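Observations on the model geometry
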Amino acid sequence: MRSPVINVMAAAALKAARGLIRDFGEVEQLQVSVKGPNDFVSAADLKAERTLKSELGRARPGYGMLFEEGGVSEGSDKRHRWIVDPLDGTHNFLHGIPHFAISIGLERDGEIVAGVVYEPTRDELYWAEKGAGAYLNDRRLRVSARRQLSEAMIGTGMAARVRGNEPRYAATLDAVLGAASGVRRFGAAALDLAYVASGRLDAFWEFALSPWDIAAGLLLVREAGGYVSDLSGGHAMMASGDVLAANAHLHLPLAALIREASRASGGA
Ligand code: IPD
Ligand code: CA
Ligand code: CA
């Protein structure tokens, strides 16, 4: 029952993923070489981006694009824009750790209306369309039902851009570690959000993410019945990159905990 636009996004992701899987096999070999896999991984990332650009561009010629590597390109259709991370979890990929994804969001009139996050090594396709629910392959997704913070498994990440503002992040991490059952830092924000949508994680927070990390994932969480906000409880996630995603029970207490810890550390 996927709509035509989800089919376009899924087909583009699957095609780019075939290249990533091939290159990931090479990367595993390159771990032991003196030069290391850095240049090779940059090339793999760019190749995936080229594939996605051409597939999405061919299917919807007028749409604008915001790609992580290639930046913005204006389209003749001013209402629609693809927001794409061709390889989320680059650091994992670089080290041969099989936890990375392709993320594609579709924005219409400034609002995300469709999203796909594809995890090639598990062949897991997360997709959502505004008003139509969130799915993992063909299974409908719901966020978890856990009510107690003390029982919750919570994902997080530390963006490269946050490294200059570590005290704030360290304070929030400390607070959540003290309150939750477990904290995980898996290294691919698009997948962290997909895991909240599927109930594997009960919540996720990170600061200073980029639009391509979260465009698809935010819609996945919402369509799975979860709540997403920035850290002040507003909805400027795409602008600030600050994200808190959780089920309906945990969103409020977690937001209060993180805000308080952040304030106490002298952060925003
Ligand atoms: C990164 C991952 C990571 C997050 C960083 C992102 P990249 O994206 O999503 O989990 O902590 O903030 O930049 O660089 O692998 O595309
Ligand atoms: Ca990313
Ligand atoms: Ca990336």
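Just above, that's the structure.
Everything in this summary refers to the structure shown in the same document. These numbers were taken from a predicted model, which means no experiment stands behind them.

Rules used throughout
- Residues numbered from 1 in each chain as written.
- Chains lettered and ligands numbered in written order.
- Predicted model: local features only at pLDDT ≥ 70, side-chain atom pairs only at ≥ 80, totals over all residues.
- Heavy atoms only, no water.
- Pairing = 2+ DSSP bridges.
- Helix = DSSP H or I, 4+ residues; strand = E, 2+ residues; numbered from the N terminus.
- Axes fitted to C-alpha atoms, helices over the stretch in contact; angles between N-to-C directions.
- Parallel < 35°, antiparallel > 145°, perpendicular 65-115°, else oblique.
- Left-handed = near helix turned anticlockwise from the far one by under 90°.
- Contact = heavy atoms within 4.5 Å.
- Nonpolar A, V, L, I, M, F, W, Y, C, P; charged D, E, K, R; others polar.
- Near = heavy atom within 4 Å.
- Polar contact = N/O pair within 3.5 Å; in protein donor to acceptor, adjacent residues only side chain to side chain.
- Areas by Shrake-Rupley, 256 points an atom, 1.4 Å probe, with all protein chains shown as cover.
- Domains from an automatic or database assignment.
- Donors = N, O, S within 2.8 Å, 3.2 Å for Na, K, Ca; no water.
- Salt bridge = Lys/Arg side-chain N within 4 Å of Asp/Glu carboxyl O.
- Buried < 20%, exposed > 50% of the residue type's maximum accessible area, 1.4 Å probe, protein only.

The mixed open sheet is built from 5 strands, whose spatial order is E10-E9-E11-E13-E12. With partners counted over all chains shown, the strands left at the sheet margins are strand E10 (182-184) and strand E12 (227-229), one partner each. Taken over all neighbouring pairs, the strand axes of this sheet differ in orientation by 15° on average, direction set aside. Two strands pair when backbone bridges link them, and strand E9 (residues 153-156) and strand E11 (residues 203-206) are joined in this way by 3 bridges, in the parallel orientation.

Next up on the list: the packing of helix H4 (residues 166-179) against helix H8 (residues 251-264). Contact geometry for H4 and H8: axes closest at 8 Å, N-to-C directions at 140°. Taken as axis vectors, H4 and H8 run oblique relative to one another. H8 is crossed by H4, and the crossing has right-handed handedness. Contacts between H4 and H8 pair Arg168, Ala171, Thr172, Ala175, Val176 and Ala179 from the former with Leu254, Leu257, Ile258, Ala261 and Ser262 from the latter. Classifying every residue of the contact of H4 with H8 gives 8 nonpolar, 2 polar and 1 charged.

With that out of the way, let us pick up the site of ligand 1. Looking at ligand 1, there are 14 residues lining it, with Asp88, Gly89, Thr90, Ala189 and Glu206 nearest. Within the backbone of Gly187, a nitrogen or oxygen atom sits 3.2 Å from an oxygen atom of ligand 1. Relative to its unbound accessible surface of 380 Å², ligand 1 loses 81% to contact with the protein. Residues belonging to the shell around ligand 1 are distributed by class as follows: 6 nonpolar, 3 polar and 5 charged. Residues lining the shell around ligand 1 come from more than one domain, with at least three contributed by each of domain 1 (4-140) and domain 2 (149-264).

The next thing to look at is the sheet that holds strand E3 (residues 77-88). The strand order across the open sheet built from 8 strands is E2-E1-E3-E4-E5-E6-E7-E8, with neighbouring strands paired in mixed fashion. Both edges of this open sheet fall to strand E2 (71-73) and strand E8 (139-140), since each of them pairs with a single strand only. In this structure, strand E1 (residues 63-67) lies alongside E3, joined through 5 bridges in parallel fashion. Within E3, the residue paired with Met65 across the bridge is Trp82.

Here we come to the coordination of the calcium ion (ligand 3). Coordination of the calcium ion (ligand 3) by the protein involves Glu68 (OE), Asp85 (OD), Asp85 (OD) and Leu87 (O), with metal-donor separations of 2.2 to 3.1 Å. All donors of the calcium ion (ligand 3) belong to a single chain; written as a sequence motif, their spacing is E-x16-D-x1-L. Taken as a pair, the calcium ion (ligand 3) and the calcium ion (ligand 2) lie 3.8 Å from each other and share Asp85 as a ligand. With Glu68 in the loop between E1 and E2 and Leu87 in strand E3, this residue pair connects regions lying 19 residues apart in the sequence.

The next point concerns the pattern of salt bridges. A full pass over the atoms with the stated rule returns 14 salt bridges. Its salt-bridge partner being Arg2, residue Asp138 comes within 3.8 Å of it at the nearest N-O pair. Highlighted residues: Asp138 in the loop between strand E7 (133-136) and E8 and Arg2 in the segment before helix H1 (4-30), separated in sequence by 136 residues. Given a relative accessible area of 67%, Asp138 falls into the exposed group. Of the charged contacts, one joins Glu55 and Lys15 as a salt bridge, the two residues approaching to 3.2 Å between their closest N and O atoms. Of this pair, Glu55 sits in helix H2 (residues 38-59) while Lys15 sits in helix H1, and the two are 40 residues apart along the sequence.

Around the calcium ion (ligand 2), the donor atoms from the protein are Asp85 (OD), Asp88 (OD) and Asp213 (OD), and they sit 2.1 to 2.3 Å away. Counting along the primary sequence, the residues that act as donors to the calcium ion (ligand 2) give the motif D-x2-D-x124-D. Residue class for Asp85 comes out buried when judged on its relative accessible area of 1%. When its relative accessible area of 5% is taken as the criterion, Asp88 is described as buried.

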